[in-house]
Amino acid sequence: VQMTQSPSYLAASPGESVSISCKASKSISNNVAWYQEKPGKANKLLVHSGSTLQSGTPSRFSGSRSGTDFTLTIRSLESEDFAVYYCQQYNEYPLTFGSGTKLEIK
Amino acid sequence: EVQLVESGGGLVQPGRSPKLSCVASGFTFSRSNMHWIRQSPKKGLEWIGVIYYDSGHKFYADSVKGRFTISRDNSKNTLGLEMNSLSSEDTAIYYCAKQGGNYYFDYWGQGVMVTVSS
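Since the model is a prediction, treat every value here as computed from it, not as a measurement. Residue numbers restart at each chain and count upward from 1, following the sequence in its written direction. Note on labels: chains are lettered from A, ligands numbered from 1, in written order. The predicted origin of the model limits local features to residues at a pLDDT of at least 70 and limits the giving and counting of side-chain atom pairs to 80 or more, whereas totals for whole chains, interfaces and linings rest on all residues. Hydrogens and water molecules were not included; the side-chain quantities draw on all heavy atoms of the structure.

Trainee: Before we move on, could you go through the overall build of chain B and cite the residues and values that matter?
Mentor: Helix numbers and strand numbers start at the N terminus; a helix is a DSSP run of H or I with at least 4 residues, a strand a run of E with at least 2. On a plain count of helices and strands, chain B comes out with 0 helices and 11 strands. Going from the N terminus to the C terminus, chain B shows its helices and strands as β-β-β-β-β-β-β-β-β-β-β. Taken over C-alpha atoms, the radius of gyration comes to 13 Å for chain B, in line with the 13 Å a tight globule of 118 residues would show. To sort residues, take the accessible area from a 1.4 Å probe on protein chains only and compare it with the maximum for the residue type: under 20% means buried, over 50% means exposed, and anything in between is partly exposed. By residue count, 47% of the 118 residues in chain B fall in the buried class. When contacts within chain B are restricted to residue pairs at least 6 apart in sequence, those whose partners lie at least 24 apart make up 52%. For chain B, the accessible surface area stands at approximately 5500 Å², while carbon and sulfur atoms represent 46% of it. By the counting rule applied here, Lys and Arg register as positive and Asp and Glu as negative, while His and the ends of each chain are not counted. Charge coordinates come from a single atom per side chain, which is NZ of Lys, CZ of Arg, CG of Asp or CD of Glu. Across chain B, the centroid of the 12 positively charged side chains sits 3 Å from that of the 10 negatively charged ones. Both definitions apply: the radius of gyration is a C-alpha atom measure, and the globule rule equals 2.2 Å times residues to the power 0.38. Contacts were defined at the residue level, with two residues in contact if any of their heavy atoms lie within 4.5 Å. All accessible areas in this document rest on Shrake-Rupley with a 1.4 Å probe, and a residue is counted as covered only by the protein chains that are shown.

Here it is as structure tokens:
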């Protein structure tokens, strides 16, 4: 399953809202997770099952699904949210990731 | 606190067979499926494979099947990755990860760099 993630780069200001998309090449139910990558830190699971927030994930993060399209939305950006984000499908092997979205401060 | 600490990386000559290790703590390792994932600028994040909690099942990506072997020692809370027939295409940061409730990763290690070069 190919996961086509967009955009690859996003610039926004603190307080703004942004959305990141992943489109699956076939039906994968809601078997999508979202991760945050920051330099020097282990990757962090934010969302699984398409829209379930992992324990500890701030409520300004949300995940949604429409068919094979998956979206991670971050409302009211905070400084700590500027990072790289990845989607991952786990509906079937091989498990596959999107190409990443780098979220930078405008 | 869950911790996953990888080791064994570095500069490796083509054709060599290094072994990576990942020591786990803070959770019941013997009940968790464990994965290896790698990341390179060219290929991005690439899942390598999984070993089930009891070593009863292993699955690999086609790119490493027959060359890489995942193992575990539940008595030592340790995950292993033996890599054979390495080429420059295998240069990457290698991560171990704990599987969550389903086949996503609820904890990752910080990764270890493997550079394949003569």
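Trainee: Go over the overall build of chain A with me, naming the residues and quoting the values.
Mentor: Looking only at helices and strands, one finds 0 helices and 11 strands in chain A. Listed N to C, the secondary structure of chain A is β-β-β-β-β-β-β-β-β-β-β in terms of helices and strands. Expected size for 106 residues packed as a compact globule is a radius of gyration near 13 Å; at 13 Å, chain A falls within 12% of this value. With the C-alpha coordinates aligned to their principal axes, the bounding extent of chain A is approximately 35 × 30 × 25 Å. Scored against the burial criterion, the 106 residues of chain A give a buried share of 49%. Considering only intrachain contacts with a sequence separation of at least 6, the fraction spanning at least 24 residues in chain A is 56%. If you sum the accessible surface of chain A, you get close to 4800 Å²; carbon and sulfur atoms cover 47% of it. Chain A carries 10 positive and 8 negative side-chain charges, and their two centres are separated by 3 Å.

Trainee: Any details on the interface of chain A and chain B? Residues and values, ideally.
Mentor: Quoted interface sizes are often the accessible area lost when the parts come together. The interface is formed by 18 residues belonging to chain A together with 17 residues belonging to chain B. As used here, buried area is the combined drop in accessible area, with a 1.4 Å probe, of two parts when they are placed together. Across the interface of chain A and chain B, roughly 1600 Å² is buried in total on both sides, 63% from carbon and sulfur atoms. Distance and chemistry together define a polar contact, namely a pair of N or O atoms within 3.5 Å, with one atom able to donate a hydrogen and the other to accept it when in protein, and with adjacent residues in sequence counting only for side-chain atoms on both sides. Across the contact surface, chain A and chain B share 6 residue pairs in polar contact (both at pLDDT 80 or more). Among the elements that take part in the side of chain A that touches chain B, strand β4 (residues 32-37) of chain A stands out by supplying 3 residues, more than any other. Lys, Arg, Asp and Glu make up the charged group, whereas Ala, Val, Leu, Ile, Met, Phe, Trp, Tyr, Cys and Pro make up the nonpolar group; the residues left over, Gly among them, are polar. Grouping the amino acids of the side of chain A that touches chain B by side-chain chemistry returns 10 nonpolar, 6 polar and 2 charged.

Trainee: Could you give me a rundown of the environment of Y93(A), with the residues and numbers involved?
Mentor: In this structure, Y93(A) sits in the loop between β9 (84-89) and β10 (96-97). Residue Y93(A) is classed as partly exposed on the basis of its relative accessible area of 28%. Contacts of Y93(A), omitting those with residues within four sequence positions, involve W47(B), V50(B), Y52(B), F59(B) and Y103(B). A distance of 3.4 Å separates a polar atom in the side chain of Y93(A) from a polar atom in the side chain of Y52(B).

Trainee: Got a sec to walk through the sheet that holds strand β3 (residues 19-25) of chain B? Specific residues and values, please.
Mentor: All names here are of chain B. Pairing between two strands is assigned when DSSP locates at least 2 bridges connecting them. Pairing in this open sheet of 4 strands is antiparallel, and the strands run β1-β3-β8-β7 from one edge to the other. Two strands in the sheet have a free side with no partner beyond their single neighbour: β1 (3-7) and β7 (68-73). Here the average twist between neighbouring strands, direction ignored, is 15°. Two elements, β1 and β3, share 5 bridges in a ladder whose sense is antiparallel. Bridged to Q3 within β3 is S25. Every axis corresponds to a line fitted to the C-alpha atoms, with the helix fit spanning only the stretch in contact, and the corresponding angles, defined between N-to-C directions, vary from 0 to 180 degrees.

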